[in-house]
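# Structural features, examined
So the chains spell out like this:
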Amino acid sequence: MKKNLISIIILALLIVNIVLTAIMMFSVTGTARKTSALVDNITRSLNLELTAKGEAGATAVPMSDIATYDIEKMTIELKRGEGDAEGEPHFFVGAITLSMNTKHEDYKTYGEEMESRQSLIKSEITDVISSYTAEDARNNQDGMKAEILERIQTMFSSEFIFNVAFSDIIIQ
């Protein structure tokens, strides 16, 4: 009789466990669907923002239509961070390359005479890079490039320069 009673108790507990598991699954599934829908909406919103911001003015330029303008290595003192107020100064050392679209209407006006405007371009680059701390410069090189590009495009009032690239950079 004891074995039969224990079997019935085990069976009852098993049924209770199955019922509670089913209830839990239904409640978690609904919440998971709502969370998934929220994440999808956020992803779509960010994707639209990136597309609108990054690709609105940018067009794919074939390699045959790209001319580059190289600026030799520049040494620029970086802004001191909170912990660097009295410590060693930090520097950005690197070469910068500007990519230009040779088929753009302003390339004939500005692109072929970039040498004469090199000091103005260097000034813009120095202003942007010197506003970053060493840590920010290491972690946000894409942000620096975008800001330099924006400032140079504003300076020329044109988008014939469409990309900024760093090479041989050292941030110390």
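Residues numbered from 1 in each chain as written. Predicted model: local features only at pLDDT ≥ 70, side-chain atom pairs only at ≥ 80, totals over all residues. Heavy atoms only, no water.

A few words now on the packing of helix 3 (residues 118-129) against helix 5 (residues 141-156). The interhelical angle for the contact between helix 3 and helix 5, taken along N-to-C directions, is 145 degrees, at an axis separation of 9 Å. As for the relative orientation of helix 3 and helix 5, their crossing is right-handed in sense. Facing helix 3, whose interface residues are Leu 120, Ile 121, Glu 124, Ile 125, Asp 127, Val 128 and Ile 129, helix 5 presents Met 144, Glu 147, Ile 148, Arg 151, Ile 152, Met 155 and Phe 156. Taken together, the residues of the contact of helix 3 with helix 5 sort by class into 10 nonpolar, no polar and 4 charged. (Axes fitted to C-alpha atoms, helices over the stretch in contact; angles between N-to-C directions. Helix = DSSP H or I, 4+ residues; strand = E, 2+ residues; numbered from the N terminus. Left-handed = near helix turned anticlockwise from the far one by under 90°. Contact = heavy atoms within 4.5 Å. Nonpolar A, V, L, I, M, F, W, Y, C, P; charged D, E, K, R; others polar.)

Together, Leu 11, Leu 14, Ile 15, Val 16, Ile 18, Val 19, Leu 20 and Ile 23 make up a nonpolar patch on the protein surface, roughly 760 Å² of accessible area in all. Considering the arrangement of structural elements, one finds Val 16 in helix 1 (residues 2-54). (Patch = residues over 30% accessible without salt bridge, like charges linked within 9 Å, V, L, I, M, F, W, Y side chains within 5 Å. Areas by Shrake-Rupley, 256 points an atom, 1.4 Å probe, with all protein chains shown as cover. Salt bridge = Lys/Arg side-chain N within 4 Å of Asp/Glu carboxyl O.)

Here the focus is the sheet that holds strand 2 (residues 91-101). Read across the sheet, 3 strands follow the order 1-2-3 without closing on themselves; strand pairing throughout is antiparallel. The open sheet is flanked by strand 1 (66-77) and strand 3 (161-171), the only strands paired with a single partner. If you compare each strand with its neighbour and ignore which way they point, the axes differ by 20 degrees on average. Sheet topology note: the strand 2/strand 3 ladder contains 8 bridges and is antiparallel. Paired with Thr 97 across the bridge in strand 3 is Ala 165. The strands touched by helix 3 are strand 1 and strand 2; relative to strand 1, the strand with the most contacts, the crossing angle is about 55 degrees. Its contacts with the sheet place helix 5 against strand 2 and strand 3, and it is angled at close to 135 degrees to strand 3. (Pairing = 2+ DSSP bridges.)

Moving on to the confidence of the model for the protein chain. Overall, the prediction assigns the protein chain a mean pLDDT of 85, with 89% of residues at 70 or greater. Scored below 50 in pLDDT, residues 49-58 makes 3 contacts in the model with residues more than four places away or belonging to other chains. (pLDDT = per-residue confidence, 0-100.)

At Ser 157, a position not held by glycine, the phi torsion is positive, near 55 degrees. The topology assignment puts Ser 157 in the loop between helix 5 and strand 3. For Ser 157, a relative accessible area of 65% gives the class exposed. Unlike most non-glycine residues, Asp 168 shows phi in positive territory, near 50 degrees. For Asp 168, the location among the structural elements is in strand 3. (Buried < 20%, exposed > 50% of the residue type's maximum accessible area, 1.4 Å probe, protein only.)

Looking now at the packing of aromatic side chains. The final tally for this structure, using the stated rule, is 4 aromatic pairs. Seen from their ring centres, Phe 92 and Phe 166 are 5.4 Å apart, and the 65 degrees between their planes marks the pair as edge-to-face. With Phe 92 in strand 2 and Phe 166 in strand 3, the pair connects residues that are 74 residues apart, well separated along the chain. For the pair formed by Phe 92 and Phe 166, the shared burial category is buried. Members of the aromatic cluster, joined through ring pairs, are Tyr 110, Phe 156 and Phe 160. (Phe/Tyr/Trp six-rings, centres within 6.5 Å; stacked < 30°, edge-to-face > 60°.)

Across its 16 residues, helix 5 extends 23 Å between first and last C-alpha, which sits within 8% of the 22 Å expected from 1.5 Å per residue. Those residues of helix 5 not exposed but buried are Met 144, Ile 148, Leu 149, Ile 152, Gln 153 and Phe 156. Buried residues of helix 5, seen end-on, are gathered within an arc of 160 degrees and therefore sit on one face of the element. The exposed residues of helix 5 that point more than 90 degrees off its buried face are Glu 150 and Thr 154. Taken from the residues just after helix 5, Ser 157 is the one with a positive phi, measuring 55 degrees. (Expected span 1.5 Å × (residues − 1). Arc of directions from axis to C-beta.)

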